[in-house]
Amino acid sequence: LGGSLEVRKPVPCGETHNAQTYFVGLMNDKAQAAARSGNASRLRSLVSGICSRQLADWLGGSGEDVALSVFDFIVGAPGPKEVGPGARWYSCDAYAIRAMNGLKLTGLPRTTQGVLSSARAGAWTQCNRGGFEDGTNIVVCSKAHSYRAVAGVHLGDLNARYPGSNSLETRLEDDCSSRVRAYLNTTAGFNYGVTWPSRRQWNTGDRWGICYAQTDS
């Protein structure tokens, strides 16, 4: 999603908002080059490691916890003509989806710090309406759904090449079958679903496959 969200005028966190800056850092030479060229996907890829780690710390969960939630981040930076020695900051800004189809965002509380380690964590879990081909059926679990995200599979480090969709699907079908069975604690038959990063998502730092269990709630 890097670069696809509209950036609007900052507002105080006490007012209605759907994104929150949780980390600000300084761009290295490669990141500055990406920002100067307006290459948002490249910039996100270069800072995705630190933004991901900082997001997990900020939200109060593990990398897997974040992957199973509806939270993600977008990277902010000065405009291409503004980047220079005195303007080389970048920001990691958290947001949460209400529905992936149309990229509908949900309003955030005054602060998102610690929400995944709080009693409210379940309210931010990712669910799926069924149909796993392109990820557009992902919704927050407070909306009608057929599957709930119950496990995440880390698919490789940030330097790894994209394995290909077929390879990822095969791996996740094997891993998710056992992970979902353990979650359901059953020896009976069950239905499950899997999603994995597209090549574009992989190139912007997404390394998580998600296992979904069929559920009525």
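Values in this document were obtained by computation on a predicted structure and should not be read as measured data.

A positive phi is found at Asn-185, a non-glycine position, where the angle reads about 55°. Asn-185 gets classed as exposed once you look at its relative accessible area, which sits at 70%.

This brings us to the pattern of salt bridges. Summed over all chains, the structure comprises 3 salt bridges. Taking the shortest distance from any N to any O, the salt bridge between Arg-44 and Asp-72 comes out at 3.2 Å. Placement of the pair is Arg-44 in helix α2 (residues 40-59) and Asp-72 in strand β2 (residues 71-76), with a sequence separation of 28 residues. Arg-44 gets classed as buried once you look at its relative accessible area, which sits at 7%. On the accessibility criterion, Asp-72 (21% relative accessible area) is partly exposed.

Glancing now at the side chain of Ser-69. Within the fold, Ser-69 resides in the loop between α3 (63-68) and β2. Side-chain polar atoms of Ser-69 contact the backbone nitrogen of Phe-71, separated by 3.0 Å. Excluding anything up to four places from it in sequence, Ser-69 contacts Leu-116, Trp-124, Thr-125 and Gln-126.

On average, residues of the chain score 90 in pLDDT, and 92% of them are at 70 or above. The low-confidence segment residues 1-7 (pLDDT under 50) makes 14 contacts with residues lying over four places distant or belonging to another chain.

Rules of the game
- Residues numbered from 1 in each chain as written.
- Predicted model: local features only at pLDDT ≥ 70, side-chain atom pairs only at ≥ 80, totals over all residues.
- Heavy atoms only, no water.
- Buried < 20%, exposed > 50% of the residue type's maximum accessible area, 1.4 Å probe, protein only.
- Salt bridge = Lys/Arg side-chain N within 4 Å of Asp/Glu carboxyl O.
- Helix = DSSP H or I, 4+ residues; strand = E, 2+ residues; numbered from the N terminus.
- Polar contact = N/O pair within 3.5 Å; in protein donor to acceptor, adjacent residues only side chain to side chain.
- Contact = heavy atoms within 4.5 Å.
- pLDDT = per-residue confidence, 0-100.

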